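# Observations on chain architecture
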Amino acid sequence: MADNAIRFEVTGLNCGGCAGRAERALQAAEGVQSATVNFATRTAQVEGGTPDSLRAALKDAGYPAAEGRVSLSIGGMTCASCAGRVERALTSVPGVLTAHVNLATERGEVTLLRGSATPQALAQVVRGIGYDAQPVSDDSAEAEARKSAETEKLRRDLILAAALTLPVFVLEMGGHLVPAFHHWVAMTIGQGTSWLLQFVLVTAVLAIPGRRFFRIGLPLLAKGAPDMNSLVALGTLAAWAYSAVALFAPALLPDGATAVYFESAAVIVTLILLGRFLEARAKSRTGAAIRRLAGLRPATARVERDGVVTEAAIDTVQVGEVLHLRPGERIPVDGMVLEGRSYVDESMLTGEPIPVDKAQGAVLVGGSVNGQGAMRFRATAVGADTMLARIIEMVEQAQGAKLPIQSLVDRVVRWFVPAVIGAAALTIAAWLLFGPGLSFALVAGVSVLIIACPCAMGLATPTSIMVGTGRAAEMGVLFRKGDALQRLEGVRVVAFDKTGTLTEGRPELVAQFPAAGFDATEVLRLAASAESGSEHPIARALERAAESVTRPDAVEAVPGKGLRATVEGRTLLIGSARLLEEEGIATDQLRGALDGIATRGQTAVVVAVDGKLAGALAVADTLRPGAAGLVKGLKARGLTVAMITGDTQATAQAIAAELGISEVIAGVLPGGKLDTVRDLRDRFGAVAFVGDGINDAPALAEAEVGIAVGSGTDVAIESADVVLASGRIEAVADALTVSHATMRNIRQNLFWAFAYNTALIPVAAGVLYPVAGVLLSPMLAAGAMALSSVFVLSNALRLRRIGQTQAPGPQPQDARLKEAQA
């Protein structure tokens, strides 16, 4: 999101048409560069403009921006100028409408476009100018409470509407279904009394639970910008008014047209409230991933202050403070381990189910769960700077994105409601001219108004995006840019950087070849002992592979060739074959092994003990677990897989052969990766580039979709469209799976939404009546309309079942090493 962009909540959105009108109003506001409104999340994202101009634009359009209040406790102010300085700092925050600071009470009250800034961010702004500040309330909890209150109000209105509608439905429809019941009503209370009772009950339905449709829809209709509420208001008001005339002034109607449709008006309101209630519940489930992530943040932390460990609110923890962590506790903020050791479950953040060993110097991620060990650690990031906060922000931005496929929906929805009103008017006119009479015209017109709600169209894309990106986040795949969902589906080639992406990025022992009379394990132990004082990466690889290491008695480096050492009284010569041969030690016995090591692009470490050839060790940058399986899976999808590396052709071909990659581009300098991506695009089509280093950033930005391995650098991650938070390379397949599944789901939703309206509007208008005598009841129209939105939401929720790529078995190099050691 750009520096001048803000995201905030918008009220009054009831369908895709509402979102479109709100979006156009924002785009027309002074200073606005771009604006999008997401119907599913009820949020707007705007670049440019002022908070006041955005608020005014939305208010005039009939969709007011939601406003919120944040209270801050501010310390360190000594005079009125301090208060003024704090006020000016707060009002400079994008999205803030007003800020008032009371010097006497040391409180700050901020009014802002709700969702544009968090209380923690506002407090950080105040701290940035030299004053202490802490949020007084938790805005996110308030937001959740507001949503729950809105859902509860819908539930109450639905129950009331159903209770008032049921007697009306029984009185009117019971007589149609059971003639004996109709005669009984006529003989007891009479038709006039029955109609009067229906009038009273239905008027109550429209005036109390149904007033939301009139309060919003009629003013918008008067402004010439009708929405879904306008359609419902027109339809129910028409049915109620016609029935009222039939009851109180029947002489005004033509002969044979005296009938009431009170039950239609009441049932329409009840069914639409039912649909909205089901929508609210389903939409709360679409945002479950965000709520689960937000719920990972504990409320308190055990902080060491002045030598005493105290329980402190999480918002008061500062970078650099030392915290204590007990077994089983959730880690409050990002940090680095100072003391202790434990296994930490990071699966809720990375999707990786295996707990990670943490010891001194290890990085801890806030929100993950400590195992059985106690630890003491230093906070390295708090508040909005933690990895958890950044992940939540990434997911929120992706969920609020508008895909290119949405543009078609926007163009249709923009004109849809006015077109429906025109179709309803045309339907009534046609029935009056060619049909049996006024009552038929009313039924058909109301049915057209009710059945054509564009809610399903507006929900089709954003709900799928919300569920898809939320599920991806649970799998450790973060879509930083929501439109990457659509672009990733269209890639034809996946290009990988080699070092640190397909490989671990550090050398490891991959094979051992002992000479006659020597044991492979002993040769490795001696070599690792001799190298233990060196910081060379190959030395570290030998140390990691050895079961035990002994401190050498003496070590002498041979520049550019290797070293001499004395270990446990034995003289060792370690280095290249050339070094040993110069010292008069023949290497012919292992010539075949050394040639094989060179052919595979590995590094040979030859060892002599007491003047005799002892063995050769092969060291190489090993493949990441899952790399071979990932390449196989990508090729099975019909994708071209390419590897880009600065290594020699021989080394690159050796790695590519193990992985099954045929498209190898070797000898590429860091600046040449961008040109390589362009060349691949020209040859194969859209490119997804996967990398992790600083020198990968240009290629990540150039590719149609840049995928950064989360264990890589911040520069690479910031240049990418998709981040693999877990560092699992096989999560590339998860990203592709989510992309394809989400886009397929969106197309299903759009097909259903468009097909529903295309097929049922003519039916509601009565095209089947001359042929089959079928005229759709407004009640059935309302039920079908409600079900269409619920269907789209339910279909989107299926994305929560997307499976994750399983961890692979041993890699080829692991198997070869075990075989050599055996």
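Because the structure is a prediction, the values reported are computed rather than measured.

Okay, the overall build of the protein chain next. Helices and strands together make up the secondary structure of the protein chain, namely 31 helices and 29 strands. Among the 822 residues that make up the protein chain, the fraction classed as buried is 52%. Taking the contacts inside the protein chain whose residues are at least 6 apart along the sequence as the reference set, 68% of them involve residues at least 24 apart. Accessible surface computed for the protein chain: about 34400 Å², of which carbon and sulfur atoms make up 58%.

With that settled, the discussion passes to the sheet that holds strand β26 (residues 663-665). As a general point, the strands of a sheet are linked pairwise by backbone hydrogen bonds and lie either parallel or antiparallel. Taking strand neighbours across the sheet as the criterion, the seven strands line up as β17-β29-β28-β27-β18-β25-β26 in an open arrangement whose pairing is mixed. Both edges of this open sheet fall to β17 (477-479) and β26, since each of them pairs with a single strand only. Adjacent strand axes in the sheet meet at a mean angle of 20° when their direction is disregarded. Strands β17, β18 (493-497), β27 (687-691), β28 (705-709) and β29 (722-724) of the sheet are contacted by helix α28 (residues 731-765), whose axis makes an angle of about 50° with β17.

Attention now goes to the packing of helix α19 (residues 520-531) against helix α20 (residues 537-545). Running from N to C, α19 and α20 point in directions that differ by 135°, and their axes come no closer than 8 Å. If you check the angle between α19 and α20, you find them oblique. In terms of crossing hand, the pair formed by α19 and α20 is left-handed. Facing L524, A527, A528 and E531 of α19, the residues of α20 in contact are A539, R540, L542, E543 and A545. Counted by class, the contact of α19 with α20 contains six nonpolar, no polar and three charged residues.

Let us now look at helix α24 (residues 649-659). An α-helical turn contains 3.6 residues, so a residue and the one three or four places further along point in the same direction. Buried residues of α24: T651, A652, A654, I655, A656 and L659, and no others. Where α24 is buried, its residues touch α18 (498-502), α22 (591-599), β24 (612-623), α23 (627-636), β25 (640-644) and β26. Phi for G660, located one or two positions after α24, is positive at around 85°.

Attention now goes to the nonpolar core. Counting residues in each nonpolar core, the largest one holds 138 residues, and the members touching the most others are F8, F479 and F496. With residues near it in sequence (within four places) discarded, F496 still touches T501, L502, L630, L634, V641, A642, M643, I644, F689, V690, I729 and V732. Core analysis: the next-biggest nonpolar cluster, separate from the first, contains 22 residues, L526, A530, I538 and L617 among them.

Here we come to the UniProt feature "transmembrane region" (unreviewed entry) in the protein chain. With numbering matched to this structure, UniProt assigns "transmembrane region" (unreviewed entry) to residues 158-178, 184-210, 231-253, 259-278, 412-434, 440-461, 750-769 and 775-797. Annotation note: span residues 259-278, helix share 85%, strand share 0%, distance between end C-alpha atoms 33 Å. Here residues 750-769 runs as 85% helix and 0% strand, with 28 Å between its end C-alpha atoms.

A word on unusual backbone geometry. For D306, which is not a glycine, the phi torsion comes out positive at approximately 55°. For D306, a relative accessible area of 82% translates into the label exposed. Unusually for a residue other than glycine, D610 sits at a positive phi of about 55°. As for its placement among the helices and strands, D610 is situated in the loop between β23 (603-609) and β24. Looking at D610, the relative accessible area reads 42%, which means it is partly exposed.

Interpreting fine coordinate detail is not advised for predicted regions of low pLDDT. Mean pLDDT over the protein chain stands at 82; residues scoring 70 or higher make up 86%. The least confident element of the protein chain is helix α31 (residues 812-821), whose mean pLDDT is 39; the most confident is strand β10 (residues 322-325), at 94. The low-confidence segment residues 808-822 (pLDDT under 50) makes 26 contacts with residues lying over four places distant or belonging to another chain.

Looking now at the pairing of β27. Looking down a regular strand, the side chains alternate between one sheet face and the other. Most of β27 is tucked away, with five of its five residues classed as buried. Side chains of β27 alternate between two faces, with V687, F689 and G691 and A688 and V690 buried alike. Pairing of β18 with β27, which is carried by four bridges, proceeds in the parallel orientation. Opposite V493, over in β27, you have V687 as the bridge partner. Judged from the four bridges that link them, β27 and β28 form a sheet pairing that is parallel. Note on β28: the bridge partner recorded for V690 is I707.

This part takes up the sheet that holds strand β22 (residues 570-575). Pairing is antiparallel across the open sheet formed by six strands, whose spatial order is β19-β24-β23-β22-β21-β20. The sheet is open, and its two borders are formed by β19 (503-514) and β20 (554-558), each paired with just one other strand. Taken pair by pair, the neighbouring strands of this sheet meet at an average axis angle of 20°, ignoring direction. Note: strand β21 (residues 562-567) against β22, six bridges, orientation antiparallel. Each residue of the ladder has a partner; that of A565, found in β22, is L572. Its contacts with the sheet put α19 on β19, β20, β21, β22, β23 and β24, and the angle it makes with β22 is roughly 85°.

What follows concerns the packing of aromatic side chains. In this description, an aromatic ring pair is defined by two values, namely the gap between the centres and the angle between the planes. In the structure shown here, the tally under the stated rule is seven aromatic pairs. Measuring from ring centre to ring centre gives 5.8 Å for W431 and F440, while their planes differ by 20°; the resulting arrangement is stacked. The class for W431 is buried, based on a relative accessible area of 9%. When its relative accessible area of 25% is taken as the criterion, F440 is described as partly exposed.

Oppositely charged side chains are able to pair whenever their charged atoms sit close together. The tally for this structure, following the rule as stated, stands at 39 salt bridges. Two residues, R376 and E339, come together in a salt bridge whose shortest N-O distance is 3.2 Å. Highlighted residues: R376 in strand β16 (residues 375-381) and E339 in strand β11 (residues 334-340), separated in sequence by 37 residues. Note on R376: relative accessible area 21%, which makes it partly exposed. Measuring nitrogen to oxygen at the nearest pair gives 3.0 Å for the salt bridge that ties K358 to E346. Taken together, the residues span a long stretch of sequence, with K358 in strand β13 (residues 356-358) and E346 in the loop between β12 (342-345) and α12 (347-350) at a distance of 12 residues. Under the relative-accessibility criterion, K358 is labelled buried at 8%. Residue classification places E346 among the buried positions, given a relative accessible area of 11%. Because the salt bridges share partners, they merge into one network encompassing E522, R525, E568, R570 and D610.

This brings us to the environment of R107. Checked against the element boundaries, R107 lands in strand β6 (residues 107-113). Sequence-wise, R107 and A83 are 24 residues apart; in three dimensions their C-alpha atoms are separated by 9.6 Å.

This next bit is on a nonpolar patch on the surface. A cluster of nonpolar side chains, L166, F169 and V170, forms an exposed patch at the surface whose accessible area comes to about 260 Å². Among the secondary structure elements, L166 is positioned in helix α5 (residues 139-177). For L166, a relative accessible area of 53% corresponds to the exposed category.

Looking at the element boundaries, T587 is found in the loop between α21 (577-582) and α22. With relative accessibility at 1%, the residue T587 sits in the buried group. A distance of 3.1 Å separates a polar atom in the side chain of T587 from a polar atom in the side chain of R591. Excluding residues within four positions of it along the chain, T587 makes contact with A577, L580, E581, L594, V606 and L613.

Bringing a positive patch on the surface into the picture now. Taken together, R744, R798, R800 and R801 make up a surface patch of like positive charges. Following the sequence through the fold, R798 ends up in the loop between α30 (778-797) and α31.

What follows is about the pairing of β18. Among the five residues of β18, five are classified as buried, and the element is accordingly described as predominantly covered. Burial of the side chains of β18 extends over both faces: V493, A495 and D497 are buried on one face and V494 and F496 on the other.

Parameters and conventions
Every chain begins its residue count from 1, and numbering advances along the sequence as written. Local features in this predicted model are restricted to residues of pLDDT 70 or higher, and side-chain atom pairs are both shown and tallied only at a pLDDT of 80 or more, whereas totals for entire chains, interfaces and linings draw on every residue. Side-chain numbers come from the whole structure's heavy atoms, not from hydrogens or water. Helix and strand assignments come from DSSP, with helices taken as H or I runs of at least 4 residues and strands as E runs of at least 2, each series counted from the N terminus. Buried means the residue's accessible area, taken with a 1.4 Å probe over protein chains only, is under 20% of the maximum for its type, while exposed means over 50%, and partly exposed covers the values in between. In this description, contact between two residues means that some pair of their heavy atoms is separated by no more than 4.5 Å. To be clear on the numbers: accessible area is Shrake-Rupley with a 1.4 Å probe, and residue cover counts the displayed protein chains and nothing else. At least two DSSP bridges between two strands are required for those strands to pair. Convention adopted: a line fitted to C-alpha atoms gives each axis, helices being fitted over their contacting stretch, and angles between N-to-C directions are expressed from 0 to 180 degrees. Here the angle decides the label: under 35 degrees means roughly parallel, over 145 means roughly antiparallel, 65 to 115 means roughly perpendicular, and every other value means oblique. Whether a crossing is left-handed or right-handed is set by the direction in which the near helix is turned from the far one by less than a right angle, anticlockwise for left-handed and clockwise for right-handed. Residues were grouped as follows: Ala, Val, Leu, Ile, Met, Phe, Trp, Tyr, Cys and Pro as nonpolar; Asp, Glu, Lys and Arg as charged; and all remaining residues, including Gly, as polar. Put simply, a nonpolar core is a bunch of buried Ala, Val, Leu, Ile, Met, Phe, Trp, Tyr and Cys residues held in one set by side-chain atoms that sit within 4.5 Å of each other. UniProt positions are given in the numbering used here, feature names are shortened, and annotations may be inferred rather than shown by experiment. Residue-level confidence of the predictor is summarised by pLDDT, bounded by 0 at the bottom and 100 at the top. Note on ring pairs: Phe, Tyr and Trp rings are taken, using the six-membered ring of Trp, and paired if centres are within 6.5 Å. Classes follow the plane angle, with under 30 degrees stacked, over 60 edge-to-face and the rest tilted. The salt bridge criterion pairs a side-chain nitrogen of Lys or Arg with a carboxyl oxygen of Asp or Glu, the two atoms within 4 Å. Any residue with relative accessible area above 30% and no salt bridge may belong to a patch, with like charges joined within 9 Å and the nonpolar Val, Leu, Ile, Met, Phe, Trp and Tyr side chains within 5 Å. What qualifies as a polar contact is a pair of N or O atoms within 3.5 Å, subject to a donor-acceptor requirement within protein and to the restriction that residues adjacent in sequence count only when both atoms come from side chains. His is not counted, nor are the chain ends; Lys and Arg add positive charge and Asp and Glu add negative charge. Charged groups are reduced to one reference atom each: NZ for lysine, CZ for arginine, CG for aspartic acid, CD for glutamic acid.

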